[in-house]
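Structural overview
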Amino acid sequence: MKRHLLPLAALLTACTTTDDQVAHATFLFNAGREAEAAEIYHQAAQEGNPEAQLLLAKCYDFGKGVPQNLTEAVRWYTMAAEAGNTNAQDNLGTCYVSGSGVEKDLDKAFHWYSRAAEAGSPSAMNNVGLCYRNGEGVEKDDTKAAICFQRSALLGNADAQYNLGRCFYHGLGVPRDTEQARTWVSKAASRGHKNAQLFMADNQWTMPQ
């Protein structure tokens, strides 16, 4: 049976809220219709929907459904971040760390990571930990780094689990403890974290039973 697809304008009319539009656009995106999804994200983003702004930023960031444009990605990440979207705040922090689409600014990176971390983002907690560990945008502090990694690790973030394991292994910000190191690194490794798996192999550690 031939399928009759509604024109995009009719689909948008049928979606009564911008949240409905975002949900429909995400369905299209996952079905491989990325250009259509990006168009709907754009309309909802212009109407002030923070989730749409985040997803449109990602489209520009990775060139999905639109030509890659890192400056536009930062513009939409910023709108969503200022509206309180923690994923956008975390991603915007990363843009400032790498200088992707914006001038590199470690102080601003730390600011946005911190806002997202305070709102409960595990990824941002890990990134704040990295800032403390490396002295980027804030004074270097191994103890604060380990605390951030632990907060994130307890919420299941694999990067933080690996980073916390390394803290215990080297005694950075926490007492050196090989068993704690193995416990946390193995948690990350079990979730497919490649560096954690390599670390396990280098130390001839086996996964706990």
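Calculation criteria
- Residues numbered from 1 in each chain as written.
- Predicted model: local features only at pLDDT ≥ 70, side-chain atom pairs only at ≥ 80, totals over all residues.
- Heavy atoms only, no water.
- Axes fitted to C-alpha atoms, helices over the stretch in contact; angles between N-to-C directions.
- Helix = DSSP H or I, 4+ residues; strand = E, 2+ residues; numbered from the N terminus.
- Parallel < 35°, antiparallel > 145°, perpendicular 65-115°, else oblique.
- Left-handed = near helix turned anticlockwise from the far one by under 90°.
- Contact = heavy atoms within 4.5 Å.
- Nonpolar A, V, L, I, M, F, W, Y, C, P; charged D, E, K, R; others polar.
- Expected span 1.5 Å × (residues − 1).
- Buried < 20%, exposed > 50% of the residue type's maximum accessible area, 1.4 Å probe, protein only.
- Polar contact = N/O pair within 3.5 Å; in protein donor to acceptor, adjacent residues only side chain to side chain.
- Phe/Tyr/Trp six-rings, centres within 6.5 Å; stacked < 30°, edge-to-face > 60°.
- Lys NZ or Arg CZ within 6 Å of the ring centre and 35° of its normal.

**Side note on the packing of helix H5 (residues 70-82) against helix H6 (residues 86-98)**
Pairs of packed helices are described in terms of their axes, by the angle between the two and the distance that separates them. Taken N-terminus to C-terminus, the directions of H5 and H6 make an angle of 140°; their axes are 8 Å apart at the nearest point. Overall, the two elements H5 and H6 adopt an arrangement that is oblique. Where H5 crosses over H6, the two elements pack in a sense that is left-handed. Only Ala88, Gln89, Asn91, Leu92 and Cys95 of H6 make contact with H5, whose side of the interface consists of Val74, Tyr77, Thr78, Ala80 and Ala81. For the contact of H5 with H6, the class distribution of residues is seven nonpolar, three polar and no charged.

**A short note on H6**
The first and last C-alpha atoms of H6 sit 19 Å apart over 13 residues, in line with the 18 Å expected at 1.5 Å per residue. All buried positions along H6 are accounted for by Ala88, Gln89, Asp90, Leu92, Gly93, Cys95 and Tyr96. If you follow the buried residues of H6, they end up packed against helix H4 (50-62), H5, helix H7 (106-118) and helix H8 (122-134). Looking at where H6 begins, the residue whose side-chain oxygen comes 3.1 Å from the main-chain nitrogen of Asn87 is Asn85.

**Let's talk about the packing of aromatic side chains**
Following the criterion strictly, the structure yields five aromatic pairs and no others. Each ring, one from Phe110 and one from Tyr132, has its centre 5.5 Å from the other, and the planes form 85°; the classification is edge-to-face. With Phe110 in helix H7 and Tyr132 in helix H8, the pair connects residues that are 22 residues apart, well separated along the chain. For the pair formed by Phe110 and Tyr132, the shared burial category is buried. For the pair Tyr169 and Phe199, a centre-to-centre distance of 5.0 Å together with 80° between the ring planes defines the contact as edge-to-face. Remark: Phe199 occurs in helix H12 (residues 194-202) and Tyr169 occurs in helix H10 (residues 158-170); sequence separation between them is 30 residues. Among the aromatic residues, those joined into a ring-pair cluster are Tyr162, Tyr169, Phe199 and Trp205. If you follow Arg176 out to its NZ or CZ, it ends over the ring of Tyr169, 5.8 Å from the centre. When the ring centre of Trp184 is taken as reference, the NZ or CZ atom of Lys187 above it lies at 5.6 Å.

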